[in-house]
Amino acid sequence: MSRPIADLDIKKITVTGGSIGLGAILVALVGMFEGLNGRLIISPGFTLGYLFLVAFPFVAGYVTVKEPVLEGIELPERGPRDIAAGALAGLVVGACLIGLIALLQTIDLSEMMPNWRAPLYQFLTINRGYSGGVLALLGISLIFGGLGGALHTLPQLGKRIVSMILQVVLYIAVLEPVVDDLLEGFGLDFVNDLLYEKRGGLKFGSTIALTILAAGTAIAIYRAREKSRSRTEPAPSVFGRLVQQMNGGPRLNSADRRLATTYSLVITVVATVILPFFLGKIVNELLVNVGLFILLALGLNVVVGLAGILDLGYVAFFAVGAYTMAILTSPLSPLFTPEMSFWAALPIVIAAAGIVGVLIGTPVIKMRGDYLAIVTLGFGEIIRILFLSDWLGPIFGGAQGIRKIPGVNIFGANLNGTDPRGIFFLVAAFMSIAIYASWSLERSRLGRAWMAIREDEQVAEAMGINTVTSKLFAFIVGAILASFAGAIFAIKVGSVFPNSFKLLVSIIILVVVIVGGIGNIPGVIVGAVVLIGVLGGPTQPGLLQELSQYKLLVYGALLIFMMLARPEGLVPSAVRNRELHGEEALQDDWLKGDKPTDDKKGAGTV
Amino acid sequence: MASTTVRRESVWRINNWVDAFLVLIRVGALSIIGIGLIAFAAQQMSGEGLTGPQLRDLLVAGVAQGAMYGLIALGYSMVYGVLGFINFAHGEVFMSGAMSGFIVSTVLFERGLWEKNFLLSVAIVLFIAITVSVLATILMERIAYRPLRNSPRLIPLITSIGVSFFMQNAVLGLFGPASKTYPQLPEALSMRRNILGVHIEGTKLLVFVVAAISMAGLWFFVERTKTGKAMRAVAEDKEIASLMGINVDRIIVTTFAIGGAMAGIAGVLWGLLFRGVNFFTGFLPGIKAFTAAVIGGVGNLGGSMAGGLVLGLAENIGPLFVLAPLGVPGVSQLKDAVAFSVLVLVLLFKPKGLFGERLSAEDRA
Amino acid sequence: MNLLKINDVTISFGGITALSHLDFHVDEGEIVSVIGPNGAGKTTFFNTITGLAIPNSGDIIFEDRSIVGIEPNEITNRGIARTFQNVRLFPNMTILDNVKVSQHCRSKQLLLGPLFNTKAFREEEAEIHRRAEEILGFFGTRLIGYRMQQPAFVLSYANRRRLEIARAMATQPKLLLLDEPVAGMNPIESAELTRLIGRLRSEWGFTIIMVEHDMKVVRDVSDRVVVLDHGETIAQGSYEEVSSDPRVIEAYLGRPKEDAS
């Protein structure tokens, strides 16, 4: 039953297109298009800026046509109507941008808005002047909007091919520094020249090649999945059985699951140990930053994810770790100079973090969630202001901070900021400790108590749990993990300044935890890799250096988006999925055929 | 739902070491304040302290700032009273009022209207600033908060953090980091006058007048109009209110909008008084205004205004009355730390505020 | 020997006096039912014992020590456990975890145990697991086996009530407070649970105070019945004595009008 072309939901088109169009105007005026314009994706001419630009009508078209897939309801048939709807939505976006161009031509607001200038105009009109630009925008918005809508008309295989092509091309293009380093490290420099242009961006020819490769891979994967789906008995290898589970087949049994986990762990460890040797300095530096944030995020995950306490002053623990290490190891420490080694200072750092954790945690333990959040924010700021103040300058160095922090001596070598690879291994070591600690605590008596407190604090108390002590332990563990990150940070940078410990950092760590997947370890790691790796940290650039100026805007938008669309994060934990989607998750499991084996007959009146 | 549990305990009762710790903090804070005040009194008596005019200026400044905090606090208070969460982005609503006020006032200044007819200019600026801040709050509510109406408590809070962050950086990206300066007030208005024996700057007088009118308008609206009554009903119990035929969604939007309008007015006043605004202007006043709302009692509108005045006075007088006499150098640097400390102390020891909370049925813990 | 003694306890809030000069006691090994019309103060009664409400005057003595003003988790630690009238499980935790976490006050491992996977830690976890299975097994086959790993919210209503009791059992109490244990169950389930309550005393040694409306259960299992009305005890004794007490009848049904219409 295909609907006629004329039957278009004008309201939905206008609203969707309009809001996305307004978003495009915001992005334009903030200067993001121009910023991204510096990076070539496909040489010649196709920059990240233009990719982002065409993404707007494309997304508008896609979203307008998208309809939620409900079990048991017949899917609407796709056809030209969807392409038309998509194109129209794209057109609305284009209209918004054309309006902006017109305004740029006529009024001069450059005093108010620094980006209201010629470069933006040139970008939006694609350097073709007014009428040329308008026509170009019309064309782009119609075509890409239509494409977005058309995406829905493709069969499964088609969608997968398109998705694979886009992903492969984008990853190879965006991850250029990493790919570059890796190829060099493995001595495959010539592949570099084949792929990329000298000044960046993929070569046109290689793009075509990659497209064909991606399409082929998608088809191959699809065929393999079909084949595995048609198999009725379990596959001979663990990997095969894993694929079967992914295709909606039977769940892996516990022996298989353990094997699969062991394999993945071994592969991860090997990769972590070997890769840094094949990567250049810049990428290693990036890995260090990602690692530090993984540490921080794991710590916050214990506080927010496991114990359910929203701590907005988490950066305070990071600062305590860094400053304690600085005071104890640097010869320039104002108060006294014990000049201890990293390892000797570490226990004191841990103790300091624990004490501060108790000091901050105790007053707030009994508060309502919202109030607790803002009080911890207050504490975080108070600590930063104290570190910054002249009053306590004789201890903390005031605005100048403390410099000349020496490196770490381990196995005879001295690791410091000039050797990112070494620091990375240090970070990785502490990261493993943090991962193990989180994992084992979650499964312990304390972890159960935390979850009970999250579920129903009053009943947890009635069951004999001392909520005060339990929550305090969460603070302490979180504080200690953050202090690890702080100590290594101090070593890496070689100095500590109060400016590195703003509220901003707490919020970014929170975004990482939430986007990644609150309450679960793989989620947090994925979150850190994706966000810090690509967008960058509060002061450190990520892979997309062009986004550095706008990354905070993206962080804010991401937080809102995730809370609305997918609060359980990118990698949801089973528990969190249950909490947020309870009934649905159960039904989905049941639909997948996950019926438990009834090993005791006569289960009684259930 | 929680069973009726009643644990009325004296704040000085020590059940465990947590309570002991809290008592220690209380005693410590009170001692510091006490000693500081004594030192201050000693200074005054020995003639080294503040002079009469200085004192008076501090008080006036405190009241002016307090009035603005009070206006912003209304928004926090109303939203918490109705929906039960802290709208972190409310400070940014204030900032949007301040920024749009800047744009309009600059335009008016360049057209000469600012000097020619100041009062009309102010009216135009206020009108547009209110429109912008109301628009901002309505968008916020519609896009980010309404879909999360039934989510667990912390999710709307986290979303509001995202909104706050986003708005700050959007304004930063749009307008740049530099501080935007409001045009000077016409000489005739900003000069010092003698009102009721008190020497006061014209600008501050303007702030008082506008704040007073806004508060009066709000009081009238909430107490006397039908919508106001509906707002109070929704704040009391959403479910019952909807059963009584009230369109709860529309009332919630109205609540947000009015809070936003007040914040927008405060933004313009801030700009007129302090002249410099930028993307970050909303952060500290936002937090301080929230403190004020708690001091006065969340959900309690009169309390919010009162709390604002208390906080404004404390902020201006505190560092000089308490810390300076104790010999703490660089007191102005610590001003914000003092404000945060007040926040912490208030939430620790008087979370129900001075005048009592008014929360909705679901949120009464 | 008096396990629990309530002396002249009065508690009022919001203008309502929920309990008024209440006297109550229970001896070790007894099963006492507390009945009374709605609003008689039965839930407040439980809340007061478990520390969720603090009396304005009077004293509550458990095992010769006063427990007034003690924090709820400490009261549980001392040996008083309760179930809730409106079942309050930890819905997203597994059934097994619900029972495991209730053993919190009877175990000690904190940070060092799990972090270093010490022998003490492993032994304690094994013991917690064993005890949880044992307790769940008390209810037959319904809550064990593959079910233990399922989240608690999948349970049927009757099973949830059973899990409530299992959780309270897991805190190893001396005194067990059951708040309307059979509310909402059908006659077969009620009868089964009544037998279980008897076994709770005979096999597990708990002293039980039960608030109930279902008179059949009250009659079948109680040693003694206490009737509350408007926060005071108006009668106590065996079920037969109490059910024929005119004051009790009046509390439930009111006094018939003497004057003819």
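Our structure's up above, just so we're on the same page.
Residues numbered from 1 in each chain as written. Chains lettered and ligands numbered in written order. Predicted model: local features only at pLDDT ≥ 70, side-chain atom pairs only at ≥ 80, totals over all residues. Heavy atoms only, no water.

A. View of the packing of aromatic side chains. All names here are of chain A. Enumeration over the complete set of coordinates arrives at 36 aromatic pairs over all chains. Taking 6.2 Å as the distance between ring centres and 75° as the angle between the ring planes, the aromatic pair formed by Phe 489 and Phe 501 counts as edge-to-face. Linking Phe 489 in helix H21 (residues 467-493) with Phe 501 in the loop between H21 and helix H22 (503-516), this pair joins segments that are 12 residues apart in sequence. Owing to a relative accessible area of 2%, Phe 501 belongs among the buried residues under this scheme. Aromatic rings pair up to connect Phe 318, Tyr 323, Phe 387, Phe 396, Phe 489 and Phe 501 into one cluster. (Phe/Tyr/Trp six-rings, centres within 6.5 Å; stacked < 30°, edge-to-face > 60°. Helix = DSSP H or I, 4+ residues; strand = E, 2+ residues; numbered from the N terminus. Buried < 20%, exposed > 50% of the residue type's maximum accessible area, 1.4 Å probe, protein only.)

B. Representation of the interface of chain A and chain B in the model. Chain A puts 52 residues into the contact, and the matching count from chain B is 62 residues. Between chain A and chain B, the buried area comes to about 4800 Å², and carbon and sulfur atoms account for 80% of it. Interface area lost by chain A to chain B is led by Met 112, Asp 370 and Tyr 371 of chain A, which between them contribute 15%. Taken together, the links from chain A to chain B amount to zero salt bridges. Here chain A and chain B share two residue pairs in polar contact (both at pLDDT 80 or more) between them. When residues of the side of chain A that touches chain B are traced back to their parent elements, those giving at least two are helix H1 (10-30), helix H15 (342-364), helix H16 (369-388), H21, H22 and helix H24 (551-565) of chain A. No other element matches the 12 residues that H16 of chain A contributes to the side of chain A that touches chain B. (Contact = heavy atoms within 4.5 Å. Buried area = accessible area lost by both parts, 1.4 Å probe. Salt bridge = Lys/Arg side-chain N within 4 Å of Asp/Glu carboxyl O. Polar contact = N/O pair within 3.5 Å; in protein donor to acceptor, adjacent residues only side chain to side chain.)

C. Region of the structure containing the sheet that holds strand E5 (residues 65-66) of chain C. Residues and elements named next belong to chain C. Taken together, the four strands give an open sheet; going across it, the order is E2-E1-E4-E5, and neighbouring strands pair in antiparallel fashion. The open sheet has two edge strands with one neighbour each: strand E2 (16-27) and E5. The pairing of strand E4 (residues 57-62) with E5 spans two bridges and is antiparallel. The residue bridging Ile 61 from the neighbouring strand is Ser 66, located in E5. Along the sheet, helix H1 (residues 42-49) contacts strand E1 (2-13), E2 and E4; its crossing angle with E1, the most-contacted strand, is approximately 115°. (Pairing = 2+ DSSP bridges. Axes fitted to C-alpha atoms, helices over the stretch in contact; angles between N-to-C directions.)

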